[in-house]
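Overview (structure and organization)
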Amino acid sequence: MTGTVHGVGVGPGDPELMTLKAFRLISGAEVVAYPILEASESFARSVAAKVMSPAVKEIPITVPMSTRRAPAQAAYDRGSDAIATELEADRDVVVLCEGDPLFYGSFMYLHSRLSGRFRVEVVPGVNSVTACAAALGRPLVARNEALTIIPGTLPEAELEHRIAGADAVAIMKVGRHLEKIRRVLARLGRAETAGYIERATLANQKVLPLGEAPGPAPYFSMILVGRKVDPWL
């Protein structure tokens, strides 16, 4: 017998947006794992902290702050080995994931390492795109519109190409790329329909027209773009 890995989405930040299933698994967990950047705190852990048992065993997976793939892959190797040790002792492990585990989520790297040997279950969570749409107070798409989700880290020309033919657009990973994104949207005539959301669902949330967004943007920021001024009427 071996334990089960539960990849649990804790939502975009507000602990009240965790699902009932996430609450049940986290509060009853013997072992909890989570990714954490070097010299930082785990955002996913901070969301779930009040739910976790004081006696829970924690496995922090420290990921180096590097754009190179090798150091991060080595960190996930070590993390999956530590989780596997618990599973082989017939203990379930809950892996905390920001937003949804399989939507730009680091859990995918653990899933690929563990799913061939152990039972893995994924608990979906409220993702940042829907949380930002709720904060902005506008539907993402309507009728026959298509939603395009783009990382703001793309090169400027590629970003412009993908937005040019899109209906509604969600631009993630804004951060230091805010000015580049603003330039692209201005050239395409889409800046007036763009809303900026920062730290959605948290106490310090900001919701602004794109033109008023302060730079540089934090990591937890997003831009939602509609087709026209009233795209959903």
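Our structure's up above, just so we're on the same page.
Here is a short report on the structure shown in this document. Bear in mind the structure is a predicted one, so any value in this text is a computation, not a measurement. (Residues numbered from 1 in each chain as written. Predicted model: local features only at pLDDT ≥ 70, side-chain atom pairs only at ≥ 80, totals over all residues. Heavy atoms only, no water.)

Moving on, we get to the overall build of the protein. Each helix and strand in the protein was counted, giving 7 helices and 10 strands. On C-alpha atoms alone, the protein measures out to a radius of gyration of 19 Å, which is about the 17 Å that the 2.2 N^0.38 rule sets for 233 residues. Judged by the C-alpha coordinates and their principal axes, the protein covers about 60 × 35 × 35 Å. Counting every position in the protein, which comprises 233 residues, the buried fraction comes to 47%. Long-range pairs, those at least 24 residues apart, make up 70% of the contacts in the protein between residues at least 6 apart in sequence. Working note: accessible area of the protein is about 11,900 Å², and carbon and sulfur atoms make up 53% of it. Averaged over its 26 positive side-chain charges, the protein has a centre that lies 4 Å from the centre of its 25 negative ones. (Helix = DSSP H or I, 4+ residues; strand = E, 2+ residues; numbered from the N terminus. Rg over C-alpha atoms; globule rule 2.2 N^0.38 Å. Buried < 20%, exposed > 50% of the residue type's maximum accessible area, 1.4 Å probe, protein only. Contact = heavy atoms within 4.5 Å. Areas by Shrake-Rupley, 256 points an atom, 1.4 Å probe, with all protein chains shown as cover. Lys, Arg positive; Asp, Glu negative; His and termini not counted. Charge placed at Lys NZ, Arg CZ, Asp CG, Glu CD.)

Of note, the bond from Gly 215 into Pro 216 is cis; its omega dihedral lies within 30 degrees of zero at -5 degrees. Mapping Pro 216 onto the fold places it in the loop between β9 (206-209) and β10 (221-225). Even without glycine at this site, Asp 90 takes up a positive phi of about 65 degrees. Relative to the elements of secondary structure, Asp 90 occurs in the loop between α3 (69-88) and β4 (93-97). What makes Asp 90 partly exposed here is its relative accessible area of 42%. For Lys 173, which is not glycine, the phi torsion reads 55 degrees and is therefore positive. With respect to the helices, strands and loops of the structure, Lys 173 is situated in the loop between β7 (168-172) and α7 (178-187). For Lys 173, a relative accessible area of 33% translates into the label partly exposed.

On the basis of which strands lie adjacent, the open sheet formed by 5 strands has the order β3-β2-β4-β1-β5 and parallel pairing. The open sheet has two free edges, formed respectively by β3 (57-63) and β5 (119-123), since each of these has just one partner strand. Taking each pair of neighbouring strands and ignoring which way they run, the sheet shows an average axis angle of 25 degrees. Across the sheet, α3 is in contact with β1 (4-9), β2 (31-37), β3 and β4; its angle to β3 comes to roughly 165 degrees. Across the face of the sheet, helix α4 (residues 107-114) comes into contact with β1, β3, β4 and β5 while running at roughly 160 degrees to β5. (Pairing = 2+ DSSP bridges. Axes fitted to C-alpha atoms, helices over the stretch in contact; angles between N-to-C directions.)

By the definition in use, this model includes 11 salt bridges. Across the pair Arg 113 and Asp 77 runs a salt bridge whose closest N-O atoms are separated by 2.7 Å. Linking Arg 113 in helix α4 with Asp 77 in helix α3, this pair joins segments that are 36 residues apart in sequence. The salt bridge partner of Arg 119 is Glu 121, with a shortest N-O separation of 2.5 Å. (Salt bridge = Lys/Arg side-chain N within 4 Å of Asp/Glu carboxyl O.)

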